[in-house]
Amino acid sequence: FEPPWPGSVDASGEPIEPVVTDSFEVGAKSDMLDDTLTATVAAYHMIRQNVATWAGSHYDQTGEAISQGLELELNGSLRPGWTVTTGYAWNRTEI
């Protein structure tokens, strides 16, 4: 639930509806090679309803936005004092 800013109105002057979000996320983490390498992975799916976009003088309620994505990360110790981190994120959004 995300309430609209005070004074946020649609084209007819009516207050816009609050944004409601449902989300689901799952992930895993693994330590490997005597704890010198750590890998994490996470996937998510999010549905936002009553999304509002600014139209110059008012907001238009554009309806629903669906986002889904994947995040990957690797952390490794090359030697004492040297750590390398790399990551990748993918997101797809439909409005």
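What you see is a predicted model; the values in this text were computed from it and never measured.

*Asks:* How would you sum up the side chain of Ser-67? Please name residues and give values.
*Replies:* With respect to the helices and strands, Ser-67 occurs in strand 3 (residues 59-79). There is a polar contact of 3.1 Å between the side chain of Ser-67 and the side chain of Thr-93. In this structure Ser-67 touches Tyr-44, His-45, Met-46, Asn-91, Arg-92 and Thr-93, once residues within four positions along its chain are discounted.

*Asks:* Pulling in residues and values, what's your account of the packing of aromatic side chains?
*Replies:* Inspection of every chain in the model, using the stated rule, returns one aromatic pair. Between Trp-54 and Tyr-59, the ring centres sit 4.9 Å apart and the planes meet at 70°, which makes this aromatic pair edge-to-face. According to the relative accessible area criterion, Tyr-59 is partly exposed, its value standing at 22%.

*Asks:* How would you summarise the pairing of strand 1 (residues 20-32) if you had to cite specific residues and measurements?
*Replies:* Two strands pair when backbone bridges link them, and strand 1 and strand 2 (residues 37-54) are joined in this way by 13 bridges, in the antiparallel orientation. Its bridge partner lying in strand 2, Glu-25 is registered against Tyr-44. Where strand 1 folds back on strand 2, the antiparallel hairpin that results is connected by four residues, among which Leu-33 adopts a positive phi of roughly 50°.

*Asks:* Describe the environment of Arg-79, with residues and values.
*Replies:* The topology assignment puts Arg-79 in strand 3. Distance from Arg-79 to Asp-22, taken between C-alpha atoms, is 43 Å for residues 57 residues apart in sequence.

The rules behind the values
Numbers given to residues run from 1 along each chain, matching the order in which its sequence is written. Side-chain atom pairs in this predicted model are given and counted only at pLDDT of 80 or more, local residue features only at pLDDT of at least 70, and totals for whole chains, interfaces and linings cover all residues. With hydrogens and water excluded, all non-hydrogen atoms of the structure serve as input to the side-chain values. For helices the rule is a DSSP run of H or I covering at least 4 residues; for strands it is a run of E covering at least 2, with both sets numbered from the N terminus onward. Two N or O atoms count as a polar contact when they lie within 3.5 Å, although within protein this holds only if one can serve as hydrogen donor and the other as acceptor, and sequence-adjacent residues are included solely when both atoms are side-chain atoms. Contacts were defined at the residue level, with two residues in contact if any of their heavy atoms lie within 4.5 Å. Whether two aromatic rings pair depends on their centres lying within 6.5 Å, for rings of Phe, Tyr and Trp, where Trp uses its six-membered ring; planes under 30 degrees apart make the pair stacked, over 60 edge-to-face, and the rest tilted. Working definition: with a 1.4 Å probe on protein chains only, accessible area under 20% of the residue-type maximum means buried, over 50% means exposed, and in between means partly exposed. What makes two strands pair is DSSP finding at least two bridges between them.

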